[in-house]
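Single-letter residue listing:
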Amino acid sequence: MIPHINSILALRTSELKRAKRAFNARGSKVIRCDICLLPVNACICADKPEPQASCAVLFIMYKGEYYKPTNTGRLIADVVAENYAFVWHRTEPDADLLALLSNPKYQPIIIFPHEYAEPARCIPKPEDKTDKIPLFIFLDGTWREARKMFGKSPYLDKFPVLGVSPEISSNYLLRESTREFQHCTAEVGINVLDLAGEVEAATALAKYFSIFRHQYLKGKPHLSHKIEFAKAQVK
């Protein structure tokens, strides 16, 4: 059996080795767990669920997104056993990324709001009867960065687009959203897994995300007004 690898953490490690200068941002002086990236006294590694789901996920990440402790794509990569992550390059996409997208084993499906896609590409849910493995593609970055990746990646133009329900406001709490119904990557992932019939994986991710959010906020005194809400969501 091939050991489970969190592709986002692997990408982060690879990019740190390639970097010509140290990554220093807000919170960079905090002593963090090397795996979950939370402060060591708030580590959630013991709560990491067993990887599952029969689908696959692909993260195309805007430069620097993989460094951020607030990134929740890596929670999905912990839950979905088959996961891949690549840095987005507008003019020279990674050859391994292109090979993955052209592999006949998979059916690539882009996760993005339908309002930005041509109607002919929009699908309400993944196809039920298919021999191919659904490969859900997450464009991981800020909202502005994700829109840029969606509009300037011609190698993605031929794939169907699966939208997510904006019926509930995001409960992310860790970053301020510029759009009323903008969800974080993990919240979108929960919705996608549910639509794909991966109910157990969706449930595991929802629980894992609620634990992550609560533990993260505990180390942010200036966000104390959000902690009680986050605590109440932990099941």
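Reading the values: the criteria
Residues numbered from 1 in each chain as written. Predicted model: local features only at pLDDT ≥ 70, side-chain atom pairs only at ≥ 80, totals over all residues. Heavy atoms only, no water. Pairing = 2+ DSSP bridges. Helix = DSSP H or I, 4+ residues; strand = E, 2+ residues; numbered from the N terminus. Contact = heavy atoms within 4.5 Å. Axes fitted to C-alpha atoms, helices over the stretch in contact; angles between N-to-C directions. Buried < 20%, exposed > 50% of the residue type's maximum accessible area, 1.4 Å probe, protein only. Arc of directions from axis to C-beta. Right-handed = clockwise from strand over helix to strand, strands pointing away. Polar contact = N/O pair within 3.5 Å; in protein donor to acceptor, adjacent residues only side chain to side chain. 1 Å grid on protein atoms, 1.4 Å probe; cavity = no way out; pocket = protein on both sides within 12 Å on 5 of 7 lines; lining within 4 Å. Points joined across faces, edges and corners; volume = space filled by probe spheres on them. Nonpolar A, V, L, I, M, F, W, Y, C, P; charged D, E, K, R; others polar. Parallel < 35°, antiparallel > 145°, perpendicular 65-115°, else oblique. Left-handed = near helix turned anticlockwise from the far one by under 90°. Salt bridge = Lys/Arg side-chain N within 4 Å of Asp/Glu carboxyl O.

Participant: Looking at this structure, I do not really get the sheet that holds strand E6 (residues 161-162). What am I missing?
Facilitator: The strands that make up a sheet are held in pairs by hydrogen bonds between backbone atoms, and each pair lies either parallel or antiparallel. Read across the sheet, six strands follow the order E2-E1-E5-E3-E6-E4 without closing on themselves; strand pairing throughout is parallel. Edge positions in the sheet fall to strand E2 (80-87) and strand E4 (122-123), since each of these pairs with one other strand and no more. Sheet topology note: the E4/E6 ladder contains two bridges and is parallel. Bridging across to E6, Cys122 finds its partner in Val161. Here helix H4 (residues 143-151) sits on the sheet and contacts strand E1 (52-61), strand E3 (106-111), strand E5 (133-140) and E6; the angle it forms with E5, its principal contact strand, is near 125 degrees.

Participant: Would you mind going over H4 with me for this structure?
Facilitator: The periodicity of an α-helix, 3.6 residues per turn, causes residues three or four places apart in sequence to face the same way. Looking only at H4, the buried set comprises Trp143, Glu145, Ala146, Met149 and Phe150. Buried residues of H4, seen end-on, are gathered within an arc of 160 degrees and therefore sit on one face of the element. Among the exposed residues of H4, those oriented more than 90 degrees off its buried face are Arg144 and Gly151. Against the buried residues of H4 lie E1, E3, E5 and E6.

Participant: Is there a simple way to think about the pairing of E3 in this case?
Facilitator: On a regular strand, each side chain points to the face opposite its neighbour's, so the side chains alternate between the two faces of the sheet. The buried fraction of E3 amounts to five of the six residues, a majority that puts the element mostly inside the structure. Here E3 pairs with E6 via two bridges, running parallel. Note on E6: the bridge partner recorded for Ile110 is Val161.

Participant: Please explain the pairing of E1 as it appears in this structure.
Facilitator: Burial within E1 is extensive, with seven of its 10 residues counted as buried. As judged from the seven bridges shared by E1 and E2, these two strands associate in the parallel manner. Within E2, the position partnered with Ala56 by the bridge is Glu82. In terms of handedness, the path from E1 via helix H2 (residues 73-79) over to E2 forms a crossover that is right-handed. In this structure, E1 lies alongside E5, joined through six bridges in parallel fashion. The residue bridging Met61 from the neighbouring strand is Asp140, located in E5.

Participant: I would appreciate a short explanation of the side chain of Asp140 in the present structure.
Facilitator: Considering the arrangement of structural elements, one finds Asp140 in strand E5. The class for Asp140 is buried, based on a relative accessible area of 2%. Within polar-contact distance, the side chain of Asp140 engages the side chain of Asn71 at 2.9 Å. If we skip the residues at most four places from it in the chain, Asp140 touches Phe59, Ile60, Met61, Tyr62, Glu65, Asn71, Gly73, Met149 and Thr185.

Participant: Explain empty space enclosed by the protein here, please?
Facilitator: Space left empty within the atom packing is revealed by a probe, the size of a water molecule, rolled over the atoms. Counted according to the given criterion, the structure contains one cavity of 30 Å³ or more. Approximately 60 Å³ is the volume attributed to the largest cavity. Around the largest cavity sit Asn6, Leu9, Ile35, Cys36, Ile44, Cys45, Lys48, Arg74, Leu75, Asp78 and Tyr208, which together line it. The residue makeup of the lining of the largest cavity, split by class, is seven nonpolar, one polar and three charged.

Participant: Explain the packing of helix H5 (residues 185-195) against helix H6 (residues 199-218) here, please?
Facilitator: In helix packing, the relevant descriptors are the interaxial angle and the interaxial distance, both defined with respect to the helix axes. Relative orientation of the contacting elements H5 and H6 amounts to 160 degrees, with a least axis distance of 8 Å. Classified by the angle their axes make, H5 and H6 are roughly antiparallel. Taken as a pair, H5 and H6 cross one another with a handedness that is left-handed. Contacts from Ala186, Glu187, Gly189, Ile190, Leu193 and Asp194 of H5 reach H6 at Val199, Ala201, Ala202, Leu205, Ala206 and Phe209.

Participant: When you look at the pattern of salt bridges in this model, what are you seeing that I'm missing?
Facilitator: When their charged atoms lie close together, side chains carrying opposite charge are able to pair. Summed over all chains, the structure comprises three salt bridges. Between Glu65 and Lys68 there is a salt bridge; the shortest N-O distance is 3.1 Å. By relative accessible area, Glu65 is classed as buried at 3%. Given the relative accessible area of 26%, Lys68 is considered partly exposed. Between Lys125 and Asp128 there is a salt bridge, with the nearest N and O atoms lying 3.8 Å from each other. For Lys125, a relative accessible area of 40% puts it in the partly exposed group. Among the residues examined, Asp128 registers a relative accessible area of 63% and is labelled exposed.

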